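Now for the letters of each chain:
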Amino acid sequence: MRKIFSSFITSLTFITVIPVPKRFIPSWDSENLRYFCLMLPVTGVILGMLWLMMSLILSLMPSVSPTLRGFMMMMFTLALTGGLHLDGLMDTCDALFSHRDRQTRLKILSDTHAGSFAVMGCVAVMMSKTLLFAELSTSSHIALIPVFSRLGMALLLCNMTFAKNDGLAVTLGSSRNQHDNFAFVLMFMTLSFMGGLWVTCSFALSMIIHVIICVKIFGGITGDLLGAFVEVSEIIMLFGTVVENCI
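Residues numbered from 1 in each chain as written. Predicted model: local features only at pLDDT ≥ 70, side-chain atom pairs only at ≥ 80, totals over all residues. Heavy atoms only, no water.

Novice: Could you give me a rundown of the overall build of the protein, with the residues and numbers involved?
Specialist: In terms of regular secondary structure, the protein is built from 10 helices and 0 strands. Taken over the C-alpha atoms alone, the protein extends approximately 50 × 45 × 35 Å along its principal axes. In the protein, buried positions account for 49% of the 247 residues. Considering only contacts within the protein whose residues lie at least 6 apart along the sequence, 79% involve residues at least 24 apart. Surface accessibility of the protein: about 11800 Å² in total, with carbon and sulfur atoms responsible for 69%. Side chains of the protein give 15 positive and 14 negative charges; the mean places of these two sets differ by 5 Å. (Helix = DSSP H or I, 4+ residues; strand = E, 2+ residues; numbered from the N terminus. Buried < 20%, exposed > 50% of the residue type's maximum accessible area, 1.4 Å probe, protein only. Contact = heavy atoms within 4.5 Å. Areas by Shrake-Rupley, 256 points an atom, 1.4 Å probe, with all protein chains shown as cover. Lys, Arg positive; Asp, Glu negative; His and termini not counted. Charge placed at Lys NZ, Arg CZ, Asp CG, Glu CD.)

Rendered as structure tokens:
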């Protein structure tokens, strides 16, 4: 039980800015990271509830335009993670669109400087989320999107080959166990039942696209690629939710 709690706190403090007393924050070792992958979707549940809460609060402000509500929602979701995943997306954009060989792309992923592709990717993601949130106004499926995206993050981290011998993904996945996939399948089935066809298909599509990119272009997964997956998959699922509401 202590290992599960330690893994949950590690997940919570890593992918969110939700404050946790220092005495509860464990060290990053194999013992405390044993259930890290399993706890990612659990942390996603907390994010999902916060997404839904903010969406409901904004829906009670009829005098505010839909575009402004969408922008406020986008900034709120960005603030919850401290821009962690957006940073990974920016590095991924620079590497992916550099048209270099695999090793050079991996070096670009580790570069702390932001290039033109990173800026364009950042702007595109922020604008997309703003407009999609504006279209949705309020939807119960909003709460499922961060859960789905962290489930995908966990699946990638737990099952894919590491593109590098070091880095954040290697550290976080040091204690990964493929037996956790059974729990992931149960989580996916539950989320699919709750989320409906469009959100589930959008999630599956984002997984397929990301796995192909990781394998064909980068030779595996890295911490930045995990962050990129979260951002892109959330946009695809938000779009799927908008389409579902229009049908």
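Novice: An account of the packing of helix H7 (residues 145–159) against helix H10 (residues 223–246) is requested, with residue identities and associated values reported.
Specialist: Relative orientation of the contacting elements H7 and H10 amounts to 140 degrees, with a least axis distance of 9 Å. Judged by the angle between their axes, H7 and H10 are oblique. Crossing angle aside, the handedness with which H7 passes H10 is right-handed. Taken together, the residues of H10 that come into contact with H7 (itself represented by Ile145, Pro146, Phe148, Ser149, Arg150, Gly152, Met153, Leu156 and Leu157) are Leu226, Phe229, Val230, Ser233, Glu234, Met237, Leu238 and Thr241. Across the contact of H7 with H10, the residue classes tally to 11 nonpolar, 4 polar and 2 charged. (Axes fitted to C-alpha atoms, helices over the stretch in contact; angles between N-to-C directions. Parallel < 35°, antiparallel > 145°, perpendicular 65-115°, else oblique. Left-handed = near helix turned anticlockwise from the far one by under 90°. Nonpolar A, V, L, I, M, F, W, Y, C, P; charged D, E, K, R; others polar.)

Novice: Hey, could you go over helix H5 (residues 102–110) for me, with residue numbers and the actual values?
Specialist: Along H5, the positions that sit buried rather than exposed are Arg105, Leu106 and Leu109. Seen end-on, H5 carries its buried residues on one side only, within an arc spanning 100 degrees. The outward face of H5, more than 90 degrees from its buried face, is lined by the exposed residues Gln103 and Lys107. On its buried face, H5 is in contact with helix H4 (84–96), helix H9 (181–218) and H10. Of the residues flanking the start of H5, the one acting as N-cap is aspartate 101, its side-chain oxygen 3.2 Å from the backbone nitrogen of glutamine 103. (Arc of directions from axis to C-beta. Polar contact = N/O pair within 3.5 Å; in protein donor to acceptor, adjacent residues only side chain to side chain.)

Novice: Before we move on, can you summarise the environment of leucine 84 with the specific residues and values?
Specialist: Turning to its location among the elements, leucine 84 is positioned in helix H4. Sequence separation of leucine 84 and threonine 130 is 46 residues, and the distance between their C-alpha atoms is 18 Å. The contacts of leucine 84, once residues within four sequence positions are left out, are Phe14 and Ile15.

Novice: Describe the pattern of salt bridges, with residues and values.
Specialist: Counting across every chain of the model gives 4 salt bridges. Residue glutamate 234 pairs with lysine 129 through a salt bridge whose shortest N-O separation is 2.7 Å. Taken as a pair, glutamate 234 in helix H10 and lysine 129 in helix H6 (residues 116–136) lie far apart in primary sequence, 105 residues in all. Judged by its relative accessible area of 2%, glutamate 234 is buried. By relative accessible area, which is 5% here, lysine 129 ends up buried. For glutamate 234, the salt bridge goes to arginine 150, with nearest N and O atoms at 2.5 Å. Residue glutamate 234 is found in helix H10, and its partner arginine 150 is found in helix H7; the two are separated by 84 residues along the sequence. For the pair shown, glutamate 234 and arginine 150 are each scored as buried. (Salt bridge = Lys/Arg side-chain N within 4 Å of Asp/Glu carboxyl O.)

Novice: Explain the packing of helix H3 (residues 66–81) against H6 residue by residue, including any values.
Specialist: Contact geometry of H3 with H6 gives a least axis separation of 7 Å together with a crossing angle of 125 degrees. Comparing the axis directions of H3 and H6 gives the class oblique. For the pair H3 and H6, the sense of crossing is right-handed. Residues Pro66, Thr67, Gly70, Phe71, Met73, Met74, Met75, Thr77 and Leu78 of H3 form the contact with H6, whose participating residues are Met126, Lys129, Thr130, Phe133 and Ala134.

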